[in-house]
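For reference, the chains in residue letters:
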Amino acid sequence: MLRASGLVKTVGEGRAARRLLDGAAVDVAAGELVAVLGRSGTGKSTLLHVLGGLDRAEAGRIEIDGERVDGASERALAGLRRRRVGFVFQFFHLLPELSGEANVRLAGRVRGAHPRAGVRAGELVERLGLSDVAGLGPAQLSGGEQQRFAIARALVNDPRLILADEPTGNLDDASGAEVLRLLRETADDGRAVLLVTHDDAATAVSDRVLRLQDGLLA
Amino acid sequence: MSGRRRLAVAGIVAAGLVAGAVVAVAYGLSTGFERAARGADLPDVTARFAPQRIDDLDERVRALPNLQARSYRYEIDDIPLRGPGGATDEGRLELLLGGRRGYDIVEGRDLGEREGEVVVERGVARALKVGPGDTLEVGRAGPLPVVGVAVSPDNVAFPLAKTAKIYVEPFDEAVDANVALLWVNDRERTDITLASARTVAFGLGDLRFLTREGVAVTIDQAAGVVIALLVAFALVALIAAGTMLAAGAHADVQRSLPALGVRRALGFTPGGVVAQHAWAALRIAAPAGAAGVAVGALAVSGPARSLLETLNQSSPGWALAVPLLATWLVVCLVVVAAAALPAWRAARKPIAPLLRGGELAARPPRARGGGGLAGMGARFAVSARGRWAGSVATIGACAGVVLLMLGLATLVVRLRDDPTVLGKRYQLTVNSDASLLGNLRAIPGVADATQRYEIEAADAFRLGEPVRLIAYGGDHTRFEAPALAAGRRIRADGEAEIGQGLADALGLAVGATLATLDPSGRELRLKVVGIVRALDRSGRVAWIPEETLRSADAGGVGQSVIRLESSADRASVEDELRALGLPPIRTEGATTRNAAFLATLAGVLRAVALLVGLVCLYALVQGLAMTARERRGTLAVLRACGGARADVAAVLTGAALAVAVPAAIVAVGLERFVLAPAVTALAAGYAALPLEPTGLQVAALVAGLLVLAVLAAVLVARSLSREPIVHGLREELP
């Protein structure tokens, strides 16, 4: 599902420049949940951004479901993110003006979204146990509820790949466990899931664990 | 230079453009007459009369009190003139009989070196394409060498004025004069000189006085109300530019809140922070404002100069530098104040929210669902209430001004073409006496006909104040009925309905007495029973009963006026009139018939309208850029979810429409209830000007604003789509 190799990415300029990815490679198959661990500042989030087409690598090859990411135009990348990739962020990134359910539906409102995105949004809200709080705004939701809405939003266009950036980093243990369970279920549904995390509990639900160190995954 | 800085600079330049343009036009027009009158040494009084021997005349004139200087001319009208580029039969030959000239040579030299030379008025030089070194065919005198081009603001320029004026010196010793030019020592006491002149003028036939003040009224009449409207418009545009500057500077402070918070955290006092903001704003405002003001003034300099020349007035030249400098200072002051005030407000708030870049007046959003991407954008725009209201006010004011200009343009055309704007209800005039009225009424298509009389008189107490007395055979309201502002219509002998302009000038109210002197020196006392909003002659008109005119034996020019049936074929009525030997004259509007003049006016209006339109676009882009900046994280999430540039544009279009639609409503209300009445009061309080927008104009404005909103959204979306999504995601951190 996801195949990446030879990824190079530098951040900063001049004396402050740091090469975060230096030939990193990763493959994630459908139905597989892979966890990437690493210390703070090693480039875990950057890896996820590059893989999902949110940022561009200086070198390397990335393929999602047979579609090339590296070198793709902005328009092609937007299409790729719309159809094939779902993102889950550490800080949820729910829009404060929208209710939880409206945040889920947001991803279905972009042009070219999944034709059943609206229906799927309702189903996901129900399936993730969020029906009772669907009309509340983010400020009225607990961290766990917010992250569950964020996961629902990531799934609304039925992507084949889920990229999760520290999805439990801002949650208490119980909520974190619930989120990991949902991600495991997502992988069990046949999707590829790549999550970067500090959370050792994530390793328990993962099929494989990789460590990012000196720009390489091992 | 950062995009944000570029936007701020663009805003100041745009405001400077508007301010520079309107100040250049307004200053040029409001001072043009005095400047030209000074340059041309325009006489304080011009007296016209039947030809008199100069010796006899001078004996009477030199005895006048308060007289500083005098000179004489002999005017001959209807002289055929032919130049390399055209010809006219309406030439006016001014034989100069010594003394001060009363004109300014703007090209070539004055008369006096050789006999048989001619100086032409600038309008004639342009129309007939003659200049110094050319020859001009002057009636029976044949070809005469042109040695100079002159300007005299005693009338507007040919062909706006009917007569094409040329100046020559007499070939032999002239003995007769029919014009006297008088310069007085004290202009405040011109009345005394005029009163004495009337006394000593006994026996002079067809005596008419024209004062400097009267010339200004005549020129005002020739140019219609458009000049005054332009000046009034300039004031409105300046207010809009000021509002925009304030909004722009406020937005800039809003963007800088985190930096402001950092400074406060480092120990800067609120005063120090404000001073830094003010200094930073001044460093941007000074060069950008100077560039804007200069370019704005230059942009309208061509049309404004052309307009002034058409009116025989002078461009301000370097004198314009002072008001432009003042405009630049005002622009800088507004920017500095607009930056310093919100900075002061923000600097006194707790530091932590500043570091997070919170709104100056933060308000927790209320979560809702639905509405689509555009609806979401609209909610983004409205959630910052202060800025939303400011944007709506600014764009509404600018759009209101644009609407006003559309109304003005329509009015200019109507004033030219539509006599009903002046309250005139007759369509045709013929030179005939009352005995033919029966024949006129018998023509198919004619609804009614009557005699109309006009007398050029002056106020008996203020001789410099001209009054046109108008009388109709029968009820005048059937043929001419300007709107009644106070009192009632005339019913009986000795009553008068006077124009608001005359009432204002003489301080007359209903019940007062208007005393006039006709050209023969006969006094006519009239009881004011009504005051009307008359546009003609700036309201210096009075309608009186026919019998009053007859009993005073005042004479006056009589013509038959014809009112057509609504279904009448005007052309066939005109043919019938010609068959009766009465060539018809179509009733015309108030302003000039000159197409070039109107084109120039349209040029000025269009130039300023374009600038105001750019201000609207700028204000929309500025507001959207602010919204996009604040919602950078949200838009990054949308893009992370697969949203393309079109989706971002949809959000921003919603935000732009949330401003543009209420702004359009504000614009229509503002124009209808504030600007139009204000401009009417400022420009021609003596008249009722139809400046209300038409449905088509409102539709054009709304469509224009919608197009600008979409354009602004596309521009900002394009700029936003260029930056990496991860930058926005980082800013979304709580």
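Just above sits the structure.
Bear in mind the structure is a predicted one, so any value in this text is a computation, not a measurement. As a convention, each chain's residues are numbered from 1 in the sequence order in which they are written. A letter from A marks each chain and a number from 1 marks each ligand, given out in the order of writing. Since the coordinates come from a predicted model, pLDDT governs what is reported: local features require at least 70, and pairs of side-chain atoms require 80 or more to be given and counted, while whole-chain, interface and lining totals use all residues. Heavy atoms from the whole structure form the basis of all side-chain values; hydrogens and water molecules are not counted.

Student: Could you give an account of the overall build of chain A, naming the residues involved and the relevant values?
Tutor: Per the convention used, a helix needs a DSSP run of H or I reaching at least four residues, while a strand needs a run of E reaching at least two, with both numbered from the N terminus. A tally of helices and strands in chain A yields seven helices and 10 strands. Only protein chains enter the accessibility calculation, which uses a 1.4 Å probe; a residue is then buried when its area is under 20% of its type maximum, exposed when over 50%, and partly exposed in between. Across the 218 residues of chain A, 55% fall into the buried class. Residues are treated as being in contact if the distance between any of their heavy atoms lies within 4.5 Å. Taking all contacts inside chain A whose residues are at least 6 apart in sequence as the whole, residues at least 24 apart take part in 69%. Per-residue accessibility takes into account occlusion by the displayed protein chains alone, with areas from the Shrake-Rupley method and a 1.4 Å probe. For chain A, the computed accessible surface area is about 8900 Å², with 45% contributed by carbon and sulfur atoms.

Student: Tell me about the overall build of chain B, and name the residues and values.
Tutor: Helix and strand content of chain B: 21 helices and 20 strands. For chain B, with 734 residues in total, the buried portion stands at 54%. Contacts in chain B between residues far apart in sequence, at least 24 positions, make up 81% of those at least 6 positions apart. Surface summary for chain B: the accessible area is close to 30100 Å², and the carbon and sulfur share equals 57%.

Student: I'd like a description of the sheet that holds strand 5 (residues 67-68) of chain A, backed by residues and values.
Tutor: Residue and element names in this part refer to chain A. In this analysis, strands are considered paired if DSSP registers two or more bridges between them. Judged by pairing direction, the sheet is antiparallel, and its four strands sit side by side in the order 2-1-4-5 without closing on themselves. Of all the strands in the sheet, the pair left with one neighbour each is strand 2 (18-28) and strand 5. Judged from the five bridges that link them, strand 1 (residues 2-11) and strand 4 (residues 59-64) form a sheet pairing that is antiparallel. Along strand 4, the bridge assignment pairs Ala 4 with Ile 62.

Student: Run through the interface of chain B and chain A, naming residues and quoting values.
Tutor: With 31 residues of chain B at the contact, the number on the chain A side is 27 residues. Buried area: the accessible surface (1.4 Å probe) lost by two parts on joining, summed over both. Around 2500 Å² of area is buried between chain B and chain A when both sides are counted, 65% of it from carbon and sulfur atoms. In protein, a polar contact requires one atom able to donate a hydrogen and another able to accept it; more generally it is a pair of N or O atoms within 3.5 Å, and residues adjacent in sequence count only if both atoms are side-chain atoms. Linking chain B to chain A there are four residue pairs in polar contact (both at pLDDT 80 or more). At the level of secondary structure, the elements contributing two or more residues to the side of chain B that touches chain A comprise helix 11 (372-383), helix 18 (632-640), helix 19 (645-684) and helix 21 (725-731) of chain B. Three categories are distinguished: nonpolar for Ala, Val, Leu, Ile, Met, Phe, Trp, Tyr, Cys and Pro, charged for Asp, Glu, Lys and Arg, and polar for the others, with Gly belonging to the last. Classifying every residue of the side of chain B that touches chain A gives 17 nonpolar, seven polar and seven charged.

Student: How would you sum up a positive patch on the surface? Please name residues and give values.
Tutor: The grouping of Arg75(A), Arg645(B), Arg718(B) and Arg722(B) at the surface amounts to a positive patch. Topologically, Arg645(B) is positioned in helix 19. Patch definition: residues above 30% relative accessible area lacking any salt bridge, with like charges linked at up to 9 Å and the nonpolar side chains Val, Leu, Ile, Met, Phe, Trp and Tyr linked at up to 5 Å. Whenever a carboxyl oxygen of Asp or Glu lies within 4 Å of a side-chain nitrogen of Lys or Arg, that contact is scored as a salt bridge. Counted as positive: Lys and Arg. Counted as negative: Asp and Glu, with His and the chain ends omitted from the count. Charge placement uses NZ in Lys and CZ in Arg. For Asp and Glu, CG and CD serve respectively.

Student: Hey, could you go over the pattern of salt bridges for me, with residue numbers and the actual values?
Tutor: Side chains bearing opposite charge may pair, as long as their charged atoms lie close to each other. All names here are of chain B. The full count for this structure, using the stated rule, is 47 salt bridges over all chains. Between Asp 41 and Arg 100 there is a salt bridge, with its nearest N and O atoms 2.9 Å apart. Residue Asp 41 is located in the loop between helix 1 (3-40) and strand 1 (45-53), and its partner Arg 100 is located in the loop between strand 3 (86-96) and strand 4 (104-108); the two are separated by 59 residues in the primary sequence. For Asp 41, a relative accessible area of 27% gives the class partly exposed. The exposure class assigned to Arg 100 is partly exposed, which follows from its relative accessible area of 32%.

Student: I'd like a rundown of the nonpolar core, residues and numbers included.
Tutor: General note: in soluble globular proteins, nonpolar side chains tend to be found buried as a group. Grouped together as the largest cluster of nonpolar side chains are 71 residues, with contacts concentrated most on Leu2(A), Leu7(A), Leu51(A), Leu183(A) and Leu194(A). Every residue in contact with Leu2(A), bar those within four places of it in the chain, is listed here: Val26(A), Asp27(A), Val28(A), Leu51(A), Ile62(A), Glu63(A), Ile64(A), Leu161(A) and Leu194(A). Throughout this description, the term nonpolar core refers to a set of buried Ala, Val, Leu, Ile, Met, Phe, Trp, Tyr and Cys residues connected via side-chain atoms within 4.5 Å. Counting 59 residues, the second largest nonpolar core, distinct from the first, contains Leu98(A), Val615(B), Leu620(B) and Ala655(B).

Student: So what's going on with the packing of helix 7 (residues 257-265) of chain B against helix 9 (residues 321-347) of chain B? Which residues, and what values?
Tutor: Residue and element names in this part refer to chain B. An axis is simply a line fitted to the C-alpha atoms; with a helix, the fit covers only the stretch in contact. Between two such axes, the angle follows the N-to-C directions and lies from 0 to 180 degrees. In the contact formed by helix 7 and helix 9, the axes pass within 11 Å of each other and the chain directions differ by 55°. Taken together, helix 7 and helix 9 sit at an angle that is classed as oblique. For the pair helix 7 and helix 9, the crossing hand works out as right-handed. Residue-level inspection shows Leu 257, Leu 260 and Arg 264 of helix 7 in contact with helix 9, the latter providing Ala 343, Ala 346 and Ala 347. Its residues placed into classes, the contact of helix 7 with helix 9 shows five nonpolar, no polar and one charged. The labels follow the angle: roughly parallel below 35 degrees, roughly antiparallel above 145, roughly perpendicular from 65 to 115, and oblique for the rest. Crossing handedness is read from the near helix: turned anticlockwise from the far helix by less than a right angle, it gives a left-handed crossing, and turned clockwise, a right-handed one.

Student: Can you tell me about the sheet that holds strand 8 (residues 192-197) of chain A, naming the residues and giving the values?
Tutor: Residues and elements named next belong to chain A. Judged by pairing direction, the sheet is mixed, and its six strands sit side by side in the order 6-7-8-3-9-10 without closing on themselves. Two strands bound the open sheet, and with one partner strand each, they are strand 6 (85-88) and strand 10 (216-217). Sheet topology note: the strand 6/strand 7 (residues 161-165) ladder contains four bridges and is parallel. Opposite Gly 86, over in strand 7, you have Ile 162 as the bridge partner. Seen against the sheet, helix 5 (residues 143-155) touches strand 6 and strand 7 and runs at an angle of roughly 170° to strand 6.

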